[in-house]
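Chain residues, written in single-letter form:
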Amino acid sequence: MTASPTRLMLFTLVLLATLLLAMLSAVAAALLAYWDGTSLPGSLQRGGSVFAGTLTLLVALLAFGAKCLT
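*Asks:* Honestly, the packing of helix H1 (residues 5–35) against helix H2 (residues 40–69) in this entry has me stumped. Any pointers?
*Replies:* The angle between the axes and the distance between the axes are what describe a pair of packed helices. In the contact formed by H1 and H2, the axes pass within 8 Å of each other and the chain directions differ by 150 degrees. By the angle between their directions, the pair H1 and H2 is classed as roughly antiparallel. With respect to the hand of their crossing, H1 and H2 are arranged in right-handed fashion.

*Asks:* It is not clear to me how H1 should be interpreted in this structure. Could you clarify?
*Replies:* Here H1 is 31 residues long and its end C-alpha atoms lie 45 Å apart, about the 45 Å a rise of 1.5 Å per residue gives. For H1, the set of buried residues is Thr18, Ala22, Ala26, Ala29, Ala30 and Ala33. Buried residues belonging to H1 abut H2. Once H1 ends, the next one or two residues include Gly37, with phi positive near 110 degrees.

*Asks:* Please clarify how the environment of Thr38 should be interpreted in this entry.
*Replies:* Along the chain, Thr38 turns up in the loop between H1 and H2. Classification of Thr38 by relative accessible area gives partly exposed; the value is 23%. Those residues within four positions of Thr38 in sequence are excluded, and the remaining contacts are Ala33, Ser43 and Arg46. Polar contacts involving the side chain of Thr38 include one to the main-chain carbonyl oxygen of Ala33, which spans 3.0 Å.

The rules behind the values
Residues numbered from 1 in each chain as written. Predicted model: local features only at pLDDT ≥ 70, side-chain atom pairs only at ≥ 80, totals over all residues. Heavy atoms only, no water. Axes fitted to C-alpha atoms, helices over the stretch in contact; angles between N-to-C directions. Helix = DSSP H or I, 4+ residues; strand = E, 2+ residues; numbered from the N terminus. Parallel < 35°, antiparallel > 145°, perpendicular 65-115°, else oblique. Left-handed = near helix turned anticlockwise from the far one by under 90°. Expected span 1.5 Å × (residues − 1). Buried < 20%, exposed > 50% of the residue type's maximum accessible area, 1.4 Å probe, protein only. Contact = heavy atoms within 4.5 Å. Polar contact = N/O pair within 3.5 Å; in protein donor to acceptor, adjacent residues only side chain to side chain.

Below, the structure written as structure tokens:
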């Protein structure tokens, strides 16, 4: 079974939205940590861990949704 161009475009848009949400949450976490008095490397580390956790959770939810829809 081949995928239609509409499905591929929708899949691409959902992945880009997921990536954007993970990036925004990482920036917010890093800024909040920095404003709280954490050093710059510490706040960047916190932002990176939030990015990884958010992206992992959202990709897992997308995979579960794709499995349920097919």
